[in-house]
Amino acid sequence: MVVSPAGLFDCDMLQWRIPSRFPIFRFSEVVKEPMRSPIKDKPLHNPGQSLERQIQDVLWDEALVYFAAALFLVLFAAHEWWRELRDIPPAPGVATAIAVLGVGVAVWKIRRALKKAGRMRQGLDGERAVGQFLESLRESGARVFHDIPGPNFNLDHVVIHLSGIYVIETKTWSKPDRGEARLLFDGSTIKKKGAPATDAPIIQVRAAKHWLTGVLEESTGRRFPIRPVVVFPGWYIEPTAEAKRSDVWVLNPKALPAFIGNSAGQLSPEEVKLCAFHLSRFVRTSA
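Residues numbered from 1 in each chain as written. Predicted model: local features only at pLDDT ≥ 70, side-chain atom pairs only at ≥ 80, totals over all residues. Heavy atoms only, no water.

Colleague: Can you walk me through the overall build of the protein chain in this structure?
Modeller: Counting its secondary structure elements, the protein chain contains five helices and twelve strands. Out of the 287 residues in the protein chain, the part that is buried amounts to 36%. Considering only contacts within the protein chain whose residues lie at least 6 apart along the sequence, 60% involve residues at least 24 apart. Approximately 18,000 Å² of the protein chain is accessible, and the part contributed by carbon and sulfur atoms is 58%. (Helix = DSSP H or I, 4+ residues; strand = E, 2+ residues; numbered from the N terminus. Buried < 20%, exposed > 50% of the residue type's maximum accessible area, 1.4 Å probe, protein only. Contact = heavy atoms within 4.5 Å. Areas by Shrake-Rupley, 256 points an atom, 1.4 Å probe, with all protein chains shown as cover.)

Colleague: Is there a simple way to think about the nonpolar core in this case?
Modeller: Generally speaking, soluble globular proteins have nonpolar side chains that are buried together. Membership of the largest hydrophobic core comes to 33 residues, with the highest contact counts inside it found for Val158, Ile160, Ile165, Leu212 and Val250. Contributing elements (two or more residues each) for this core: strand E5 (143-150), strand E6 (153-161), strand E7 (164-170), strand E8 (182-185), helix H3 (200-220), strand E10 (226-231) and helix H5 (269-285). The element contributing the most residues to this core is H3, with seven residues. Setting aside its immediate chain neighbours within four residues, Val158 contacts Arg143, Val144, Phe145, Ile148, Ile165, Tyr166, Val167, Leu212 and Leu279. (Core = buried A, V, L, I, M, F, W, Y, C linked by side-chain atoms within 4.5 Å.)

Colleague: Just checking my understanding: could you explain the pattern of salt bridges for this structure?
Modeller: Charged atoms that come close allow side chains of opposite charge to pair. One pass over the structure, following the stated rule, counts seven salt bridges. Among the ionic pairs, Arg182 bridges to Glu180, the shortest N-O distance being 2.7 Å. Look at Arg182 and you get partly exposed, because its relative accessible area is 30%. Accessibility expressed as a relative area gives 52% for Glu180, which makes it exposed. (Salt bridge = Lys/Arg side-chain N within 4 Å of Asp/Glu carboxyl O.)

Colleague: What should I look at first to understand the side chain of Lys171 in this one?
Modeller: Within the secondary structure, Lys171 sits in the loop between E7 and E8. Exposure remark for Lys171: the relative accessible area of 17% places this residue in the buried category. Polar side-chain contacts of Lys171 include one of 2.7 Å to the side chain of Gln204. (Polar contact = N/O pair within 3.5 Å; in protein donor to acceptor, adjacent residues only side chain to side chain.)

Colleague: What's the story with the confidence of the model for the protein chain in this structure? I'm lost.
Modeller: Any residue range with low pLDDT should be treated as having predicted coordinates unsuitable for detailed reading. Of the residues in the protein chain, 77% reach a pLDDT of 70 or more, and the chain-wide mean stands at 79. Taken together, the stretch residues 1-33 has pLDDT below 50 and engages in 35 contacts with residues farther than four places along the chain or on a different chain. Note on residues 35-41: pLDDT under 50 across the span, and two contacts to partners over four residues away in sequence or across chains. (pLDDT = per-residue confidence, 0-100.)

Colleague: Help me understand unusual backbone geometry, please; the structure alone is not making it clear to me.
Modeller: Most peptide bonds are trans, and most residues other than glycine sit at a negative phi. Despite not being glycine, Asp147 has its phi angle at roughly 55 degrees, a positive value. With respect to the helices, strands and loops of the structure, Asp147 is situated in strand E5. Using a relative accessible area of 0% as the deciding quantity, one classes Asp147 as buried. The phi dihedral of Asn152 is positive, around 70 degrees, even though this residue is not glycine.

Colleague: Just to check I follow, could you spell out the pairing of E5 for this structure?
Modeller: Both faces of the sheet carry side chains from a regular strand, because those side chains alternate between them. A large share of E5 lies buried, amounting to six of its eight residues. Strand direction decides the pairing type here: E5 and E6, joined by seven bridges, are antiparallel. When the bridges of E6 are listed, Val144 appears paired with Val159. Counted along the chain from E5 to the antiparallel partner E6, the turn is two residues long, and its residue Asn152 has a positive phi close to 70 degrees. (Pairing = 2+ DSSP bridges.)

Colleague: Even after reading the chapter, I still don't get H3, so can you show me in this structure?
Modeller: Residue pairs spaced three or four apart in an α-helix point in one direction, given the helix's 3.6 residues per turn. Its 21 residues place the ends of H3 30 Å apart at the C-alpha level, agreeing with the 30 Å of an ideal helix rising 1.5 Å per residue. For H3, the complete set of buried residues consists of Pro201, Ile202, Val205, Ala208, Trp211, Leu212, Thr213, Val215, Leu216 and Thr220. Where H3 ends, the next residue or the one after it, Gly221, has phi of about 75 degrees, a positive value. (Expected span 1.5 Å × (residues − 1).)

Written out as structure tokens, the structure reads:
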């Protein structure tokens, strides 16, 4: 505490002035120092971070609101029946009809939301499992990124390794209750037993490769080799001869670290650091 000749009392956050003619203290002003977060940049994303946020949105926006509405309608109907029992002129029949209709709609909406959240939760578990497999690559100097935000989409994982850059899309497809979980990859489509072949995952991961190529080229001024990869947790992948010549890898995630680690080198350690630096800056500065 410092008292000036003019009667000023100072402390860290408050200032009081002592009037010369009155033996009382009066509050003068509060001095607030500007505050800011000690964290300079946003942290990198965790595996499945965007999907986890979407699950929360589904449960809050598509399930909770209908649960609350159904609860209100039930309480309203109960209140009307209470009035009936107390000889207060009620309309329990109308209230019950409204409550039954409202609860029916709410149950339907809640079940849809829970099923949707369940599918998303399965995808989230898959991304986390793949992320754990990829973490072992850090021991060999690889840089691993998860949940790279793009315009209206996200890249599940990106690995920057001496053998190149890999953009990885996780597909957590449900397995059959019985029989072998096997997928056939012919280089352009993926075939599951009992279902038509699809090329959607291949198109998606190639588009992701194209977008990431542009992001790195814009920030570094250089074009780097990027391998598109689709992984299916829990599935056995059977590639055809054409698949082995494809630019896309389709794998079980357990095999991915070995595929990356055993591939021929394409980047220098300095290039690995360069790409990792610019990609990390992109993630930290993205909304």
